[in-house]
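Breakdown of the fold
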Amino acid sequence: MRKLWFFLTYLILIVSCEKDQVQLPVGPGTAKVDSVVFTRQDFDSLTVKYNSSSSASSLYNYVGAFRDAECKTVLAFTNFTAINDTKVDVDNLVIKSAKIILKEYKTWGSAELFTFQTALIPTSKDFAWSDTTDFDTYWKTVKDHLIPLNTSSYSPDTLIIPLDCDVVNGWWNLKQDESNNGIVLDFDPNNPDGIIGYYSSNSNTVSDWPYLKVTCTIYDSLQTKDSTYTIYANKDFTYSELRNTDMAPDFFVSQGAIRRAFITSSQFLPTLEGKSINYSELSLVVDPTHSYFDEDSLTIYIGLFTSENWETKNFLFSSYQNSGLIKKSDKKVSLPITEVMMDMQDNAETAISGIFIRLGQELYGFNQIAFDPDSLAIKIVTTEF
């Protein structure tokens, strides 16, 4: 019903001015259209919060440091079915060579100067992990126990990492109290800034997945033969940390090390109470000095968030979000948020906290859009019957 009134009263809005009211003729159809604009002094808080981008669901794994993100990747190769199907006694199979191969997706910055560093995660079950791990907690647990392995130089398109045969043999021929926890692929912190993205085990194309290539010699009573096996990574994740926090602008959104902007105001709900929302928009001025556009335009999303306590991080985000496109050349943008304000009105009985802004494709880039906080304005046009 509320959206029907949006169309019925649209023509009235053409003649409505900010904070001015339009009164329809007195009678059964009496309606009052009001337009209100919130500006900086009307907001209780404008806040930027960091959301960990550590993920096992991304299509790509990242290694390096670029802009505000520092990334490393954890890989595990546990599906040794091809070798096990040989039904050869463990003592009769000798691993002769092993290497990890990763297919490149994209690079940012000076990645061509990289030196990669690998480290073995101990096989103790204390360091076992799964795709649903709390990555921040896991990394704090494991980082001081890593066993350095080797270094590899950058090569375009494909990265090849030689492994010691004993390492792979330990993954394949586990003892009862051991777990194959994989390795960490990191970068030399002395290298220039840059990040490389490699296809992950979530890629839609199996041939793009990280894989372990193992060459073995099999001995038996009849013959000796060499065989090569391909073992695809069946779980991996990128762990991301925030860096350069002192250089961050006051109000912005970013990818990579994900940061979202939050707006709260105690005046939102009283303004909406008992009224139909005709139209609402968010206006912002882009700060080009602190913005990074690797594309000609970027998509942002604006939605409702709720929290029992605004100072905690246990946010619930609305499933419905308005989207908008911001071009690299844009100075001032106005983005419709009508449905977001309707969502706020519909959830008035819950712990409403405010509006959030985020960049689209948060796991797949290292862009940032900064805004002048003093330019922020939210216009709400309502009808009261």
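Anyway, here's the lowdown on the structure attached to this text.

The rules behind the values
Residues numbered from 1 in each chain as written. Predicted model: local features only at pLDDT ≥ 70, side-chain atom pairs only at ≥ 80, totals over all residues. Heavy atoms only, no water. Helix = DSSP H or I, 4+ residues; strand = E, 2+ residues; numbered from the N terminus. Buried < 20%, exposed > 50% of the residue type's maximum accessible area, 1.4 Å probe, protein only. Pairing = 2+ DSSP bridges. Contact = heavy atoms within 4.5 Å. Phe/Tyr/Trp six-rings, centres within 6.5 Å; stacked < 30°, edge-to-face > 60°. Lys NZ or Arg CZ within 6 Å of the ring centre and 35° of its normal.

So, on to unusual backbone geometry. Unlike most non-glycine residues, Arg67 shows phi in positive territory, near 50°. With respect to the element layout, Arg67 can be found in the loop between strand 4 (60–66) and strand 5 (69–76). Unlike most non-glycine residues, Gln361 shows phi in positive territory, near 50°. With respect to the element layout, Gln361 can be found in the loop between strand 21 (352–359) and strand 22 (368–370). The exposure class of Gln361 is exposed, given its relative accessible area of 55%.

A few words now on the pairing of strand 5. In summary, the side chains of a regular strand alternate between the two faces of the sheet. A large share of strand 5 lies buried, amounting to 7 of its 8 residues. Alignment of strand 4 against strand 5, held across 3 bridges, turns out to be antiparallel. Its bridge partner lying in strand 5, Ala65 is registered against Glu70. Counting the residues in the hairpin turn of strand 4 and strand 5 gives 2 residues, including Arg67, whose phi is positive at 50°. Two strands pair when backbone bridges link them, and strand 5 and strand 14 (residues 235–242) are joined in this way by 8 bridges, in the antiparallel orientation. When the sheet's bridge partners are listed, Cys71 is paired in strand 14 with Ser240. In this structure, strand 5 lies alongside strand 10 (residues 183–187), joined through 3 bridges in antiparallel fashion. The partner of Thr73 across the bridge, within strand 10, is Leu185.

Moving on: the environment of Leu46. For Leu46, the location among the structural elements is in strand 3 (residues 45–50). On a C-alpha basis, the gap between Leu46 and Phe252 in space is 10.0 Å, while along the polypeptide they are 206 residues apart. Residue contacts for Leu46: discarding those within four places in its chain leaves Arg40, Phe251, Phe262, Ile263, Pro373 and Leu376.

This brings us to the packing of aromatic side chains. Centre-to-centre distance and the angle between the planes together describe a pair of aromatic rings. Here the structure, examined in full by the defined rule, presents 28 aromatic pairs. With a centroid separation of 6.5 Å and 35° between ring planes, the pair formed by Phe262 and Phe317 is classed as tilted. Placement of Phe262 in strand 16 (residues 259–264) and of Phe317 in strand 19 (residues 316–327) is noted, with a sequence separation of 55 residues between them. When its relative accessible area of 0% is taken as the criterion, Phe262 is described as buried. Residue classification places Phe317 among the partly exposed positions, given a relative accessible area of 31%. Chaining the aromatic ring pairs together yields one cluster made of Tyr60, Tyr62, Phe66, Tyr105, Trp108, Tyr199, Tyr364 and Phe366. Arg260 extends its terminal NZ or CZ atom over the ring of Phe317, reaching a point 5.1 Å from the ring centre.

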